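Architecture and fold: a report
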Amino acid sequence: MKALNDGWTRFKVKVGADLQDDIRRCSLIRKMIGPDNVLMIDANQRWDVAEAIEWVSRLAEFKPLWIEEPTSPDDILGHAAIAKALAPLGIGVATGEQCHNRVMFKQLLQASALQFVQIDSCRLGSVNENLSVLLLAHKFGVPVCPHAGGVGLCELVQHLILFDYISVSGSLENRLVLSTCRLKEGQVFRRLSS
């Protein structure tokens, strides 16, 4: 409740170990945050394609914005199948934190395999590679929500998302960035404000 009282509007929960427990926890979180705040779910590559579709479909009643990393990060066509199956439910696919170059992102974008690009600026390994992905995402009309963890990376991705806003997309719509304010208590997200 403190996060809600502090103005946080976007919340992420890990899923994938036990479906009944995921249903219980997503139900509790949705009741706590209400219908106007955003819930995101993250599976950390736990499922194959069919299992991801089945599992997330069961969690659709809680209106998650996205499923993050539903399957192997290298399975571009698998992500495309998941994205296509979940689109009628209003659930997007967020992935990319394990992608190591712009070519993988290009293929994910061409296959309509993700609705949220999650670059990991350290894994991509250079400013130029990060900028290439920002430009690709803009070309395909897909928002960038950088992956981050730890204070240093959280600070770096704030610069990338600002570059995206100022020089590439000009939009804050569906953009998220991890805040360093609450890392000790878990990952809590807040919408970028203008």
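What this report covers is the structure whose coordinates are included nearby. (Residues numbered from 1 in each chain as written. Predicted model: local features only at pLDDT ≥ 70, side-chain atom pairs only at ≥ 80, totals over all residues. Heavy atoms only, no water.)

By the secondary structure assignment, glutamate 129 is in helix H7 (residues 127-140). At 2.6 Å, the side chain of glutamate 129 forms a polar contact with the side chain of arginine 102. Every residue in contact with glutamate 129, bar those within four places of it in the chain, is listed here: Asn101, Arg102 and Leu124. (Helix = DSSP H or I, 4+ residues; strand = E, 2+ residues; numbered from the N terminus. Polar contact = N/O pair within 3.5 Å; in protein donor to acceptor, adjacent residues only side chain to side chain. Contact = heavy atoms within 4.5 Å.)

One can describe the packing of helix H3 (residues 49-59) onto helix H4 (residues 76-86) by two numbers: an axis separation of 9 Å at closest approach and a directional angle of 25°. The orientation of H3 relative to H4 falls into the category roughly parallel. Both H3 and H4 take part in a crossing whose hand is right-handed. Touching Val49, Ala52, Ile53, Val56 and Ser57 of H3 are Gly78, Ala81, Ile82, Ala85 and Leu86, all from H4. The class makeup of the residues in the contact of H3 with H4 is eight nonpolar, two polar and no charged. (Axes fitted to C-alpha atoms, helices over the stretch in contact; angles between N-to-C directions. Parallel < 35°, antiparallel > 145°, perpendicular 65-115°, else oblique. Left-handed = near helix turned anticlockwise from the far one by under 90°. Nonpolar A, V, L, I, M, F, W, Y, C, P; charged D, E, K, R; others polar.)

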